[in-house]
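An overview of the molecular structure
Chain by chain, the residues run as shown.
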Amino acid sequence: MDFEAAENKLKKDHDRLRSRAKYRNASRTLASSDDISKAKKAEEYRKKQVEQRRLRELKQKKKREYVLHGYEKVEQGLGVVRQLGSGGDSAVTLCATSVHGLGDKITLPPSILSTLSERDLLTASQERGQPLFFRLGIKRSNYKFPQGKKMMDLMEEYGKSLEDQELISSREDEELDHEDGMSVEDSTDDLWLEAYLEELSLEYISYTYATVIEFSQDEGYIGLPFSVANSLLQSNDEELVETHLTLDPALGSCSQSHDATHDSENDIDHKEMVKDNSIVETQDSDGVTLEDKTPGHPAYGLFPVPVPSIEITLLTHLPLGEKCTLQPKLEAVQNGFYNLKNVKLALEQSLSRTRGLLNVGDMMHCWFRGKKFDLVVQHVSPSHFGAISCVNCDIEVDIAPPPSPPMQDTSGSDGDDPELHRTVSGGYKLMPDEKDDTTSHSNASLLDRHITLPPEPSKDQDESIFIIQVRGIGKAARRRFDASCTMRNVFDFAISAQLTGSEAIPFKLVTRFPRRVFHIDSPDEETLLADLGLAKQEMFIVEI
């Protein structure tokens, strides 16, 4: 019996131990399962975060590719070639030096011509009959594309289109496709152009356009005439461009310290020269001025040039000019610009000699019989880029009124200073006309005037006719006159077309180039049109 009791007790102990071991194993298994589950969740979360980050980076990359594609589309329209370095894989930056010339013709090193020839970049300009155009810019060191608000807005608009259409793929090898979401063509050309121009103003401290006169400059340098250098010194914002005067290498190192000191002392003069967008009579110690030597030749120390390196970019398709507005400076008006007999010829000769393009804000110079007249380019058309070609194209030129003279105290004036008087059509005349006797006529004399207009010649008549346009107050009128008509008929036409605002107001008719004045109710009215030396198409302006 004792053995059976001992056996039962041992069996119970073994069962109890086996039960405890089983419980412990079950607990360990459960704990291990929990750990595995937690690890799996952590891994899944990590993978999700990595995927989200990858998708954000992919989306940002697609957005940047989208606006870069639009940016490059605008540049393709201009024919922009930025990589002009040897091998065509890098941009070219050159140090500025001053050269003679009053236009936009720069000088470049021979290596640039070699690159253009090797890459067949001369053909596009030659086929269009155009010179080589370059954009010159002082680049910002901290610039990174894109920065402009308009370009960023286009990026965000494209990003929203991607989110709305759920076009971001989870495949790591997804190829970027600009047809996903919006395309560049979905935004108007005007939007891309505005964004492009804003981006340029942020990419460069200042930039301008120029043509090249020759490839004879020392390697690593670019020769800038006064007007181009002055344009580059006009910053797009408040940031000032550091300037200096170039030194003649023939002077030797012994004089460089003296010239550097001289530049520092005259730094204010350089800034004033830049601020005043006009040609100053700069000259060296030998009395040589900007106009005394052949354009493109060195002009050491005659005017300041930028210290920062200048990036050059080729443009093969600068827009051909259609129209421009030039504003003569007050000095030009006072020197008799409005009295030139053939302004068209003088402008054509001056432009062909000194310029290949027109930049808005640039100063251009018109010469006639040894006199120089300064005019500012106010507007160009097409106006997209603010610059147009003026080579081998017909440009309609408008002469804007000169800037208003500064207010002066007229007390004690001797009356000899020239004054500017605005006409009703927006033009200007330099000096007051001789005493106008028409002001003594009563208004009733015009009310009682008998209007006589001869029949208008037929359109088939090509000889002995004049096509006369009269510009009055707020409107203009055009009519054909026979050569046998008189100025009285032209005055009657202006009255009948109500170009004077009121029939009872005495007025004059004037031509602008050259300026001639015709008075109503005076012997002028009896002059035959054939005896006035008018062009076949003539314009008269009403002056009250």
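Residues numbered from 1 in each chain as written. Predicted model: local features only at pLDDT ≥ 70, side-chain atom pairs only at ≥ 80, totals over all residues. Heavy atoms only, no water.

1. Some words on the pattern of salt bridges
Tallying each qualifying case throughout the model produces 20 salt bridges. Residue Glu 311 is joined to Lys 139 by a salt bridge in which the shortest nitrogen-to-oxygen separation is 3.7 Å. You can see Glu 311 sitting in strand β9 (residues 310–315) and its partner Lys 139 sitting in strand β4 (residues 133–139), a full 172 residues away along the chain. Here Lys 372 makes a salt bridge to Asp 374, at a shortest N to O gap of 3.5 Å. Here the salt bridges share partners, and the residues they tie into one network are Glu 75, Arg 82, Arg 135, Lys 139, Glu 203 and Glu 311. (Salt bridge = Lys/Arg side-chain N within 4 Å of Asp/Glu carboxyl O. Helix = DSSP H or I, 4+ residues; strand = E, 2+ residues; numbered from the N terminus.)

2. Some thoughts on the sheet that holds strand β22 (residues 537–543)
The strand order β19-β18-β22-β20-β21 describes an open sheet built from five strands, whose pairing is mixed. Each of the sheet's edge strands pairs with one partner strand only, and the pair in question is β19 (476–482) and β21 (515–519). The average angle at which neighbouring strand axes cross in this sheet is 30°, direction not considered. Of the strand pairs in this sheet, strand β20 (residues 508–512) and β21 are connected by five bridges, and their pairing is antiparallel. Following the sheet pairing, Thr 511 is matched in β21 by Arg 516. Those strands touched by helix α12 (residues 487–496) are β18 (465–471), β19, β20, β21 and β22, and its axis lies near 150° from that of β19. (Pairing = 2+ DSSP bridges. Axes fitted to C-alpha atoms, helices over the stretch in contact; angles between N-to-C directions. Contact = heavy atoms within 4.5 Å.)

3. What about the nonpolar core?
Core analysis: the biggest nonpolar cluster contains 33 residues, and Leu 108, Leu 136, Ile 222 and Leu 224 have the highest contact counts within it. Elements represented by at least two residues in this core include exactly β2 (92–98), α2 (110–118), β4, β5 (204–214), β6 (221–224), α6 (226–232) and β9. The contact partners of Ile 222, leaving out residues within four places of it in the chain, are Leu 94, Cys 95, Ala 96, Thr 97, Ile 106, Thr 107, Leu 108, Leu 136, Gln 217, Ile 310 and Ile 312. Counting residues in each nonpolar core, the second largest holds 27 residues, with Phe 133, Met 151, Ala 195 and Tyr 196 among its members. (Core = buried A, V, L, I, M, F, W, Y, C linked by side-chain atoms within 4.5 Å. Buried < 20%, exposed > 50% of the residue type's maximum accessible area, 1.4 Å probe, protein only.)

4. Re the confidence of the model for the chain
Confidence along the chain averages 78 in pLDDT terms, with 78% of residues attaining 70 or more. Residue range residues 170–179 is modelled with pLDDT below 50. Its contacts to residues more than four positions away, or to other chains, number 21 contacts. Every residue in residues 410–444 is under pLDDT 50, and counting partners more than four places away or in other chains gives 53 contacts. (pLDDT = per-residue confidence, 0-100.)

5. Considering the side chain of Thr 211
Mapped onto the fold, Thr 211 is located in strand β5. The exposure class of Thr 211 is buried, given its relative accessible area of 2%. What Thr 211 contacts, discounting residues up to four positions off in sequence, is Asp 104, Lys 105, Ile 106, Pro 131, Leu 132, Phe 133, Gly 356 and Leu 357.

6. Let's talk about the packing of aromatic side chains
Taken as a whole and judged by the stated rule, the model has twelve aromatic pairs. Ring pairing ties together the aromatic residues Tyr 66, Tyr 158 and Trp 192, which thus form one cluster. The ring of Phe 481 carries Arg 479 above its face, with NZ or CZ at 4.9 Å from the centroid. (Phe/Tyr/Trp six-rings, centres within 6.5 Å; stacked < 30°, edge-to-face > 60°. Lys NZ or Arg CZ within 6 Å of the ring centre and 35° of its normal.)

7. As for the pairing of β9
Within β9, six of the six residues are buried, which leaves it mostly tucked inside the rest of the structure. Along β9, one buried face is formed by Ile 310, Ile 312 and Leu 314 and the opposite face, lined by Glu 311, Thr 313 and Leu 315, is buried too. Here strand β1 (residues 80–81) pairs with β9 via two bridges, running antiparallel. Across the sheet, Val 80 pairs through a bridge with Leu 315, a residue of β9. Sheet topology note: the β2/β9 ladder contains three bridges and is antiparallel. Considered in β9, the bridge of Leu 94 is made with Ile 310.

8. Structural notes on α12
Most of α12 is tucked away, with eight of its ten residues classed as buried. Here α12 has its buried residues at Met 487, Asn 489, Val 490, Phe 491, Asp 492, Phe 493, Ala 494 and Ile 495. Looking at the buried residues of α12, the elements they touch are β18, β19, β20, β21 and β22. Directly beyond the C-terminal end of α12, a positive phi value near 55° is found at Gln 498.

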